[in-house]
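Okay, here's what each chain looks like letter by letter:
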Amino acid sequence: MENNGPGRRQGLARIQMPGHHSREVCHDDSTPPVRAHTIDELHSLQKKRSAPTTPIRGALGVFAYTSEEERHQQQLQSISASLASLTRETGPKLVKGDPAMKSESPRVPTNVGHQSYTPSLSLSLAVSDSSLKFTHVLYNLSPAELYEQAIKYEKGSFITCTGALATLSGAKTGRAPRDKRVVKEKTSEDELWWGKGSPNIEMDEQTFLVNRERAVDYLNSLDKVYVNDQFLNWDPEYRLKVRIVSARAYHSLFMHNMCIRPTPEELESFGTPDFTIYNAGQFPCNRYTHYMTSSTSIDLNLGRREMVILGTQYAGEMKKGLFSVMHYLMPQRHVLSLHSGCNVGKDGDVALFFGLSGTGKTTLSTDHNRYLIGDDEHCWSENGVSNIEGGCYAKCIDLSEEKEPDIWNAIKFGTVVENVVFDEHTREVDYSDKSVTENTRAAYPIEYIPNAKIPCVGPHPKNVILLACDAFGVLPPVSKLSLAQTMYHFISGYTALVAGTEEGVKEPQATFSACFGAAFIMLHPTKYAAMLAEKMQDHGATGWLVNTGWSGGSYGSGKRIKLAYTRKIIDAIHSGTLLEATYTKTEVFGLEIPTEIEGVPSEILNPINTWSDQDAYKDTLLKLGGLFKKNFEVFLNYKIGEDNKLTEEILEAGPVF
């Protein structure tokens, strides 16, 4: 091989490029080098700063720009005040940012994007170890950021094949109503419903403060906490500012989806929250503390506007805790809070749907010919109806694309799926698998539903639909209710457990839940019922009782009313044609039933016509009527005003033997 050039290495020939002169250089498609000297500097170039520059209103009503550093300081001061121990002079030292992204002390000013806040101390020396450390605050993170946190730091977090975040809620896979406590304090104790039948189990102020201190100390001991500042209620006039402090990315993403997400402009002027949740669910309560019956305690203090969670990581406790708060605060402002679904037609006709599990509330309120305002929690004010939440919390057990296409398609990036089982390789979820729990759930923003109405508000309802799955088979498929009957059945909140759904259930069992949400109401059910009747009367709404259960006999002998028939009934309610029908009255319950509905066999409209054994029908009807009467006994001692006339009027609307 020839190699005669000066300075050439022995044994290596010049590389010849075909078709090119030997002195030409190949096309240079290189780019200028990045402006970074270290890999950390390179990574810092990857993320674009996204600080809003929207002006906020000053004390004199003049718009003034606040620098990013000043805004961060204000946020940290507010969060430090929330996390302050009640026995110390100041709140904890806080740093904004992920501790894993910081390699130096938070007080070094060159760490861009990690603002620190140190409360002023009256003492020159630290008084405890906790006063020496910083707690990192991860504030209103985006779903993408929370995915990263969960995958990296929380065991049991995975991304499913559709892009949802699968996570585990620990030992608790449902709410713990027996461990929920409400502080009996002077500002609210006279208004709340206590005693037999009430979901409100009392605790004293001192015990609450002990649990609050335990939760705050636990959160302050962590390297980082997640803080969400968000809203409840889509009606701006009755909006509530809520702050959620938690230790898990799962909880932060859950509440990001379930509460109303503020815009950057709204976040700048958020200020002090109206209500704060301290979720220290990974840490147990002290069993030796008064009122504690287990390692779990969910404590609500309406006077302090605070909620403490210890010993349970089930995220639904936060959602329903805030719903209980709304059940107390909204009626004080003459706004009715409701556990219901809500949709609106193209002509602006709003319908409310009430119903316990298994009655078809989700299925019937989800109508592709109508817009969804919300699936679970609403307010009815003088402005109309508004959704309390910013998301949906749907059951996933046995979910299929055919049965619930909207929920199926909503399980994508940003959605949290709790306690589901999936293929370890494909990450495809098996929604029929109950290995972890039957109470599998998905939490997603309401915008994920294609026909959701944004903002989630609507005019005053025209129809109030009470759903019951009557497994006794004696209630009509549909009944038109008077105002008194609407109050009676609203307070009763009836459905039936079907034989075989629970161990030991051999025949249908009546289930009653006051106001179709007894676990969350704070006032006496008659108070909510009276407000409902008043609003229905003021705005001309009609009450309906719709049975989605059995016909022609009880469970085991009769048949379930076809969903197609129920949909025809609901369509007739929406269109107003059912108001024009001819009605007859039933025995015992005194319900008005139509004689004819288009698309529904007339013979099933009166249940007595569907039973082959008339005596068995009458016996079963009397049995169910007796169960209603027995259930209602707990509500008889409540008075509104100076007399008991309202309670008597409601009672007269019940079954008569």
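Draft legend 1. Molecular detail of helix H5 (residues 249-258). Burial within H5 is extensive, with ten of its ten residues counted as buried. For H5, every residue scored as buried is listed here: Ala 249, Tyr 250, His 251, Ser 252, Leu 253, Phe 254, Met 255, His 256, Asn 257 and Met 258.

Draft legend 2. Spotlight on the environment of Glu 598. Structurally, Glu 598 is set in the loop between strand E35 (592-594) and helix H13 (614-632). Assessed through its relative accessible area of 75%, Glu 598 is described here as exposed. Considered as a pair, Glu 598 and Ala 572 are 26 residues apart in the sequence and their alpha carbons are 8.0 Å apart.

Draft legend 3. How the structure looks around unusual backbone geometry. A cis amide bond links Ile 454 to the next residue, Pro 455, at an omega of -5°. Mapped onto the elements of the fold, Pro 455 is located in the loop between strand E25 (441-445) and strand E26 (457-458).

Draft legend 4. Spatial organisation of H13. Under the 1.5 Å per step criterion, the end-to-end length of H13 is 27 Å for 19 residues, consistent within 8% with the ideal 27 Å. Residues of H13 that are buried sit in contact with helix H10 (483-492), strand E29 (494-497), strand E30 (509-512) and helix H14 (645-652). N-cap assignment for H13: the residue whose side-chain oxygen lies 3.2 Å from the backbone N of Asp 615 is Asp 613.

Draft legend 5. Layout of a negative patch on the surface. There is a patch of like negative charges on the surface, built from Asp 423, Glu 424, Glu 428 and Asp 430. Within the secondary structure, Glu 424 is located in the loop between strand E23 (421-422) and strand E24 (429-430).

Draft legend 6. The sheet that holds strand E22 (residues 416-418), seen in detail. The mixed open sheet is built from five strands, whose spatial order is E6-E7-E22-E25-E21. This sheet does not close on itself; its edge strands, each paired only once, are strand E6 (158-159) and strand E21 (391-395). With three bridges connecting them, strand E7 (residues 165-167) and E22 associate as parallel partners. Considered in E22, the bridge of Thr 167 is made with Glu 418. Against the sheet, H5 contacts E7, E21, E22 and E25, and its axis sits at roughly 120° relative to E22.

Draft legend 7. Layout of the state of the cysteines. In total, this model carries zero disulfides according to the counting rule given. Of all cysteine sulfurs, the one in Cys 456 lies closest to Cys 342, which takes part in no disulfide; the gap is 9.7 Å. Residue classification places Cys 342 among the buried positions, given a relative accessible area of 0%.

Draft legend 8. Broad picture of the packing of H5 against helix H7 (residues 316-332). Contact pair H5 / H7: the axes reach a minimum separation of 9 Å and the direction vectors enclose 40°. Comparing the axis directions of H5 and H7 gives the class oblique. As for the relative orientation of H5 and H7, their crossing is right-handed in sense. Residue-level contacts link His 251, Phe 254, Met 255 and Met 258 of H5 to Gly 316, Met 318, Lys 319 and Leu 322 of H7. Per-class residue counts for the contact of H5 with H7 are five nonpolar, two polar and one charged.

Definitions and limits used
Residues numbered from 1 in each chain as written. Predicted model: local features only at pLDDT ≥ 70, side-chain atom pairs only at ≥ 80, totals over all residues. Heavy atoms only, no water. Buried < 20%, exposed > 50% of the residue type's maximum accessible area, 1.4 Å probe, protein only. Helix = DSSP H or I, 4+ residues; strand = E, 2+ residues; numbered from the N terminus. Expected span 1.5 Å × (residues − 1). Contact = heavy atoms within 4.5 Å. Polar contact = N/O pair within 3.5 Å; in protein donor to acceptor, adjacent residues only side chain to side chain. Patch = residues over 30% accessible without salt bridge, like charges linked within 9 Å, V, L, I, M, F, W, Y side chains within 5 Å. Areas by Shrake-Rupley, 256 points an atom, 1.4 Å probe, with all protein chains shown as cover. Salt bridge = Lys/Arg side-chain N within 4 Å of Asp/Glu carboxyl O. Lys, Arg positive; Asp, Glu negative; His and termini not counted. Charge placed at Lys NZ, Arg CZ, Asp CG, Glu CD. Pairing = 2+ DSSP bridges. Axes fitted to C-alpha atoms, helices over the stretch in contact; angles between N-to-C directions. Disulfide = S-S within 2.5 Å. Parallel < 35°, antiparallel > 145°, perpendicular 65-115°, else oblique. Left-handed = near helix turned anticlockwise from the far one by under 90°. Nonpolar A, V, L, I, M, F, W, Y, C, P; charged D, E, K, R; others polar.

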